[in-house]
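Residue-level structural notes
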Amino acid sequence: MAMNELDEFATYIHNCSNDTMPGCVEGTGITKLYTRVFNSEPPALKKDLVKNLVMFYANEQNIINIWNALSECEQDLIRYIVQCGGEYLPTTLLYAKKHNLKLEYVTSTGYKKNITSPFDYTRLKFLHLLTWNIPDTKTVLLFPGGDMPPIIFNALKKIVGPIKFGYSEYVPAKTDYIICRENRLSDFATIVKLSTSEKLKVKPTTFDLTTAKLAKLSELMGFEEVCDKNGKFCTTKEAKHNNDFKVAHPFFAIAANSGLLTIDKEGLVQPSKNAPDLLSVPPNELAKYLFNSYLTKNNLSELRYITYIAFNEGYWRLNWQECRETIINLLKKCPIDQFITFEDFDNHLKLFNGPFFRRLFYGDVIVKGYKFNDYYYGYYKPDWDECESQIIRIVLSFLSVMGLVDIAYTEDVARIKYANDDFCVGIAGLRLTKLGAWIFGLTDKYQASRTVGILNDQGQLVVLPDYSVIISGLKCRIEHETYFSKFLTRSSVDGNAAVYKLDFASIIRAHDNNITPQKIKKDLQKASDKPLPDNVIRSLDDWQLKIGRVKIHTLTVLETDDKLLLEEIKHIKGFGSIIQSDLLHAIAIDNSQQKKAKTLIEKNGWPVKIVDPLYK
């Protein structure tokens, strides 16, 4: 034991009161402590008393002997105090119930004390419980001055062992919706491919897609989705809020948070340049990367996914990693590949960690007001069920989309404490997967079923004689689809390939974006390993010949009723410098009908350029 530790402990003992301090348990205070330790009267000089106690506790074996002499009840309580770093009254009451400890004590003066009473200012209530129920308990020897000094805490930390958690097995009901995604990690490659063609856009500074886009992603990617409508399962089209999507919403957020997708300042979503490399690894390694990104990055705020919670972070920003680790640390103690009840998991977190989120969060968290019994019920601060319990569900949903846990969703889970008609689709059971166990370090090996990269081959761009343009493969789609999808006519898009059509409508869209048929031909030839079909080349060449032949100008027209008069005006001194051009093969149209004229002409096979005189 280091000298500085002994010096600190000697100072601690010297500063301890000789007698029991108010609120502390009977038997503490170094005079009575000395008598219990050495079974003799304390020396007259305090320095000798301090010296002897320091020597006793400096021998770690003495602390071990005290621990070994404790009963199962005493050890349970001390273990939880050491492992949790302090006392949490609901947990103390749980162990009191387990070991049939009486919560009330009658003093020698006839005064009744109850451990749950807020008017009894007792310190370390669990220690009072033990002395009331086990008068000769040796646990007081671990709290010399009424608390546990570091020298004793560190010695016990090595020997008390982990807290033992008991879980009830959960058998999913027929009405539950089970989400298992351990073998669906290839969906992250699919979302990258789809982002090249679906024109995804989120609200700035968020990962929030619209409900319509979330519904479409679920459909195109073909994964199991769970949607919530007032506590009942519903279809993707019936979901009103993005938070009602239990899979697609957190799935997209994980993909964006990890860097597989990039989001610009306007909220436009594109594949990242690193996506092919990130997706070329086995699925378990991809999941590990996604998990580490989720755990350590502070881009996601689970609080935003609880619709009825309002919050103000003020000048503080929550470190979400610490919050997530609290939940993950308990997951590490769950059985592998076996469903357990969410209620047990939630209770263990509540009992052994307390209001962990609200301790870490420095801002205000309130439940938004709502109508209750025909009158407006105001705002109030949430309790565990309305806050931490909901955050646990959100964290589990993020872990689920990465395949780390399986979830059994059920209907009609109460949300707001004071409402008897407010329900949501919630979690009834959860199961730590083998993949999750491997990522959490509980197992040494994990056999990946397949490589995500198998689905993400180089791919190719092929142009067929029927003018179809097929783009397949992750790398090929990332490289080419974003560009070609701007003007080609889309036929079909899925996770494997995108099929487009090169038609005259494509040429018009390209022309409107200053892309000529000649450039399209060069770009297709460069992107494809195979020669373009001859008929496609001829069509592109023919379309190129039509470019620039029809234009619509916005001009000021000078009109005379006589050709000679017009010539006379044109030759007025100084007038020639303001003439833009003589009109040849031109007609005058209503200025408000420019777009209609353009549409009609293009329908007859001629690309039209609207020329703005201010931007020639």
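Before reading on, note that the structure itself is shown above.
The structure presented is a predicted model; accordingly, all values stated were derived computationally and were not measured. (Residues numbered from 1 in each chain as written. Predicted model: local features only at pLDDT ≥ 70, side-chain atom pairs only at ≥ 80, totals over all residues. Heavy atoms only, no water.)

This brings us to the overall build of the protein. Along the backbone of the protein there are 24 helices and 20 strands. Here the C-alpha atoms of the protein give a radius of gyration of 37 Å, more than 25% beyond the 25 Å that 2.2 N^0.38 yields for 616 residues. With respect to the three principal axes, the spread of C-alpha positions in the protein is 135 × 55 × 55 Å. Burial statistics for the protein: of 616 residues in total, 47% are counted as buried. Taking the intrachain contacts of the protein between residues at least 6 apart in sequence as the baseline, contacts between residues at least 24 apart amount to 66%. Just so you have it, the protein exposes about 32,300 Å², and 51% of that area is on carbon and sulfur atoms. Computed over 77 positive and 73 negative side-chain charges, the inter-centroid distance for the protein is 3 Å. (Helix = DSSP H or I, 4+ residues; strand = E, 2+ residues; numbered from the N terminus. Rg over C-alpha atoms; globule rule 2.2 N^0.38 Å. Buried < 20%, exposed > 50% of the residue type's maximum accessible area, 1.4 Å probe, protein only. Contact = heavy atoms within 4.5 Å. Areas by Shrake-Rupley, 256 points an atom, 1.4 Å probe, with all protein chains shown as cover. Lys, Arg positive; Asp, Glu negative; His and termini not counted. Charge placed at Lys NZ, Arg CZ, Asp CG, Glu CD.)

The tally for this structure, following the rule as stated, stands at 23 aromatic pairs. Relative to Tyr95, the ring of Tyr80 has its centre 5.6 Å away and its plane inclined at 25°; by these criteria the two rings are stacked. One end of the pair, Tyr80, is in helix H5 (residues 72-84); the other, Tyr95, is in helix H6 (residues 89-98), and 15 residues separate them in sequence. A relative accessible area of 1% places Tyr80 in the buried class. Ring plane angle 65° and centroid distance 6.2 Å describe the contact between Tyr95 and Phe352, whose orientation is recorded as edge-to-face. Of this pair, Tyr95 sits in helix H6 while Phe352 sits in helix H15 (residues 342-353); the two residues are 257 residues apart in sequence, bridging distant segments of the chain. Note on accessibility: Tyr95 and Phe352 belong to one class, buried. (Phe/Tyr/Trp six-rings, centres within 6.5 Å; stacked < 30°, edge-to-face > 60°.)

This part is about the sheet that holds strand E13 (residues 405-414). Taking strand neighbours across the sheet as the criterion, the four strands line up as E3-E13-E14-E9 in an open arrangement whose pairing is antiparallel. Edge positions in the open sheet fall to strand E3 (177-179) and strand E9 (339-341), since each of these has one partner strand only. This sheet shows a mean twist of 35° between the axes of neighbouring strands, independent of strand direction. Where E13 and strand E14 (residues 423-432) come together, eight bridges link them in antiparallel fashion. Bridge pairing in E14 links Ala414 to Phe423. (Pairing = 2+ DSSP bridges. Axes fitted to C-alpha atoms, helices over the stretch in contact; angles between N-to-C directions.)

In terms of burial, strand E16 (residues 468-472) is largely enclosed, as four of its five residues are buried. As paired strands, strand E15 (residues 461-463) and E16 are joined by three bridges and run antiparallel to one another. When the sheet's bridge partners are listed, Val462 is paired in E16 with Ile470. Adjacent in sequence and paired antiparallel, E15 and E16 are bridged by four residues, among which Tyr467 carries a positive phi angle near 75°. Here five bridges tie E16 to strand E18 (residues 497-501), and the two strands are oriented antiparallel to one another. Bridge pairing in E18 places Ser468 opposite Lys501.

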